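Summary of structural features
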Amino acid sequence: MKKERVVLFDGTCNFCDKSVQFIIKRDPVGHFSYASLQSDVGQELREKHKIPEDVDSMVLIEGDKAYTKSTAALHIAKKLDGLWHLAFLFIIVPKPIRDRAYDYVAENRFKWFGKKTEEEACRLPPRNIRERFLA
């Protein structure tokens, strides 16, 4: 079965890892599959959707569209259980303003949350979640 929604994430970033775990916990039906930007699948999707090399944070690929920065985060939130889908209302905030806040967190994520070692970046998810990871 081909997944229509793929979350690409920085596999070396602790904050990105925690974000993926956050999404998984609130996505029990499995709307999303996942691949790190550094993986072969991530690189193929990056090329296919013309995602610039300087994009190193979360990306959502939904069908033929690729969303980055705050737009990706809001489209992901729209599919999450609980009240998280209400975050999508922030889509009305102009993108430059949303992305400025997103960029601030992205620029400081390694300083605040650290970076994974190679061994940590290769850690396998639990068996029941593993099938959602493309690479």
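Look above for the structure.
None of these values were measured; they are calculated from a predicted model.

Across the sheet, which stays open at both edges, the four strands sit in the order E2-E1-E3-E4 with mixed pairing between neighbours. The strands lining the two open edges of the sheet, one partner per strand, are strand E2 (33–36) and strand E4 (65–68). Geometrically, the sheet is characterised by an average inter-axis angle of 20° between neighbouring strands, direction not taken into account. Direction of pairing for strand E1 (residues 5–9) relative to E2: parallel, over a ladder of four bridges. Counterpart to Val 7 in the pairing with E2 is Tyr 34. Along the sheet, helix H3 (residues 69–77) contacts E1, strand E3 (59–62) and E4; its crossing angle with E4, the most-contacted strand, is approximately 110°.

We now examine a negative patch on the surface. Together, Asp 40, Glu 44, Glu 47, Glu 53 and Asp 54 give the surface a local cluster of negative charge. Residue Glu 44 is classed as exposed on the basis of its relative accessible area, which comes to 53%.

This paragraph deals with helix H2 (residues 40–48). Those residues of H2 that fall on the buried side of the exposure criterion are Gly 42, Leu 45 and Arg 46. One side of H2 carries all its buried residues, which in axial view fall inside an arc of 105°. Within H2, the exposed residues directed more than 90 degrees away from the buried face are Asp 40, Glu 44, Glu 47 and Lys 48. Its buried side turned inward, H2 meets E1, E2 and E3. Backbone geometry just downstream of H2 places Lys 50 in the positive-phi region, at approximately 55°.

Inspection of the entire model under this criterion finds three salt bridges. A salt bridge links Lys 95 to Asp 99; the shortest N-O distance between them is 2.6 Å. Taken as a pair, Lys 95 and Asp 99 lie in helix H4 (residues 95–113) at a separation of four residues, close to a single helical turn. Relative accessible area serves as the criterion here: at 38%, Lys 95 is assigned to the partly exposed category.

What counts and how
- Residues numbered from 1 in each chain as written.
- Predicted model: local features only at pLDDT ≥ 70, side-chain atom pairs only at ≥ 80, totals over all residues.
- Heavy atoms only, no water.
- Pairing = 2+ DSSP bridges.
- Helix = DSSP H or I, 4+ residues; strand = E, 2+ residues; numbered from the N terminus.
- Axes fitted to C-alpha atoms, helices over the stretch in contact; angles between N-to-C directions.
- Contact = heavy atoms within 4.5 Å.
- Patch = residues over 30% accessible without salt bridge, like charges linked within 9 Å, V, L, I, M, F, W, Y side chains within 5 Å.
- Areas by Shrake-Rupley, 256 points an atom, 1.4 Å probe, with all protein chains shown as cover.
- Salt bridge = Lys/Arg side-chain N within 4 Å of Asp/Glu carboxyl O.
- Lys, Arg positive; Asp, Glu negative; His and termini not counted.
- Charge placed at Lys NZ, Arg CZ, Asp CG, Glu CD.
- Buried < 20%, exposed > 50% of the residue type's maximum accessible area, 1.4 Å probe, protein only.
- Arc of directions from axis to C-beta.

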